[in-house]
Amino acid sequence: MLTKTAHLADRTVRYLEAGSGRALVLIHGFPLSADSWLPQLLRVPPGWRVVAPDLRGFRGAGAVGSDDAALDHATVDTHAADVLALMTHLDIDRAVVGGLSMGGYVTLALVRRAPARVSGLILANTRAGADSEQGRAGRNLMIELVQREGPPAVAREMLPKLLGATSTREQPDLVDAVRLLIEANTTAGIAAAVRALRDRPDATPVLSSISCPTLIITGDEDTLIPVSESEAMHRAIRGSTLIILPRAGHLSNLESPQAFNQAIWDWSD
Ligand code: MLT
C-alpha cells in the first residue's frame with residue numbers, strides 16, 4: 001500500500017511511500033497533492049525509497065492540519081519544517097529533496113534551513129524569485145475566486161496554465177485527472193496555499209550557497225514559469241544540471257512521466 005499516515009507531534013500527515021534504500025522526498029505543486037507524484041512512485045528503481053507528503057492543508061476536509069488555525073501559519077518555511085519533521089519521524093537523516101513549482105519554493109526554504117539534511121536537490125518547474133507586485137495582486141484575486149466559487153473555479157482557471165499545449169491537446173485523461181486532484185482540495189486549504197505563495201521570500205540568495213548535486217528540470221511548454229527561470233537557477237547553482245523536456249508544460253512529471261523519471265534516475269545514479 002502506497003498511502004501511509006504519520007502521527008507527528010502537532011498533526012497527522014498523509015504521505016505516499018515506495019521502495020527502500022536511499023531517500024528521495026518529493027514535494028508537490030499547487031494546487032495538487034502527493035498523488036501528483038504517482039507516476040514517480042509507481043516506478044521506483046531498486047535501492048531507492050521515495051516519500052511524497054501532502055503539504056499542510058492540501059487534500060480533503062477533515063484531514064488534520066487543514067483546520068483554520070494550522071493554516072493561518074502556513075508559509076513555505078512552515079511547509080519546509082513540516083517536511084523535515086516527517087523526515088525525522090521516518091528516520092531519514094539526509095535525502096535528495098525534490099519539489100515541483102510550489103514544492104520547489106518549499107525545497108529552497110528547506111535547503112536554506114537545513115542544508116546538512118539535503119544530499120541532492122531536484123528543482124522542477126520552479127523559480128527562485130519572490131512574486132512581483134502584479135503577481136501578488138493576482139494571488140489576491142485567486143483567494144477571492146476560491147472563496148467565492150470554490151476549488152472547481154480554481155481548476156477552471158489553472159488547468160490551461162498547468163498543462164502544456166501538447167498535453168492539453170493529446171492527453172484528455174490527464175486533464176481530467178489534474179482537475180480531480182485540484183478539486184480534492186478545500187477552499188480553506190487552497191486560500192492558505194495562495195497566501196503562502198504570495199508571501200514567500202526571495203530565495204535567490206540561497207542559490208549560490210547550494211553545494212549539493214542539483215538537477216533543474218522543466219518543460220519547454222511551461223507558460224506559468226518560463227524556461228528562462230530554470231536557466232537562471234542553472235547559472236546560479238554551481239555544477240547544476242539542467243534538463244528541458246520537450247512537449248511538456250508546468251506539470252512535467254505528469255505530462256512526460258517517462259522522460260521525467262529517466263532524467264531523475266539517470267542524474268541520481
Ligand atoms: C505551482 O504550480 O505550484 C504554482 O502554480 C506556482 C506558482 O503559482 O507560483
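Reading the values: rules and limits
Residues numbered from 1 in each chain as written. Predicted model: local features only at pLDDT ≥ 70, side-chain atom pairs only at ≥ 80, totals over all residues. Heavy atoms only, no water. Core = buried A, V, L, I, M, F, W, Y, C linked by side-chain atoms within 4.5 Å. Buried < 20%, exposed > 50% of the residue type's maximum accessible area, 1.4 Å probe, protein only. Helix = DSSP H or I, 4+ residues; strand = E, 2+ residues; numbered from the N terminus. Contact = heavy atoms within 4.5 Å. Pairing = 2+ DSSP bridges. Near = heavy atom within 4 Å. Polar contact = N/O pair within 3.5 Å; in protein donor to acceptor, adjacent residues only side chain to side chain. Areas by Shrake-Rupley, 256 points an atom, 1.4 Å probe, with all protein chains shown as cover. 1 Å grid on protein atoms, 1.4 Å probe; cavity = no way out; pocket = protein on both sides within 12 Å on 5 of 7 lines; lining within 4 Å. Sits in = over half its atoms within 2 Å of the grid points. Nonpolar A, V, L, I, M, F, W, Y, C, P; charged D, E, K, R; others polar.

A. Focus on the nonpolar core. Ranked by internal contacts, the top residues of the largest apolar core, which has 89 residues, are Leu24, Phe30, Met102, Val178, Ile182, Ile210 and Leu251. Ranked by the residues each element gives to this core, the list is headed by helix α4 (residues 102–113), at seven residues. If sequence neighbours within four positions are ignored, Val178 has contacts with Leu32, Leu159, Leu162, Leu163, Leu251 and Leu254.

B. Layout of unusual backbone geometry. The peptide bond linking Phe30 to Pro31 adopts the cis configuration, its omega dihedral lying at -10°. Tracing the backbone shows Pro31 in the loop between β3 (22–27) and α1 (38–41). The backbone of Ser101 shows a phi angle near 55°, a positive value even though the residue is not glycine. Take Ser101: it is sitting in the loop between β5 (95–100) and α4.

C. The pairing of strand β7 (residues 214–219), seen in detail. Across the six residues that make up β7, a large majority, six, are buried. Residues Thr214, Ile216 and Thr218 of β7 are buried on one face, and the alternating residues Leu215, Ile217 and Gly219, pointing to the opposite face, are buried as well. Sheet topology note: the strand β6 (residues 118–124)/β7 ladder contains four bridges and is parallel. By the bridge assignment for β7, Ile122 is matched with Leu215. As judged from the five bridges shared by β7 and strand β8 (residues 241–245), these two strands associate in the parallel manner.

D. The arrangement of the site of the ligand in detail. Around the ligand, a shell composed of Gly29, Phe30, Ser101, Met102, Tyr105, Arg139, Met158, Leu224 and His250 is seen. Here His250 contributes a side-chain N or O atom positioned 2.7 Å from an oxygen atom of the ligand. Burial of the ligand by the protein chains amounts to 96% of its free accessible area of 270 Å². Most atoms of the ligand, that is more than half of them, are within 2 Å of grid points of the largest pocket. Class assignment of the residues belonging to the shell around the ligand gives a composition of five nonpolar, three polar and one charged.

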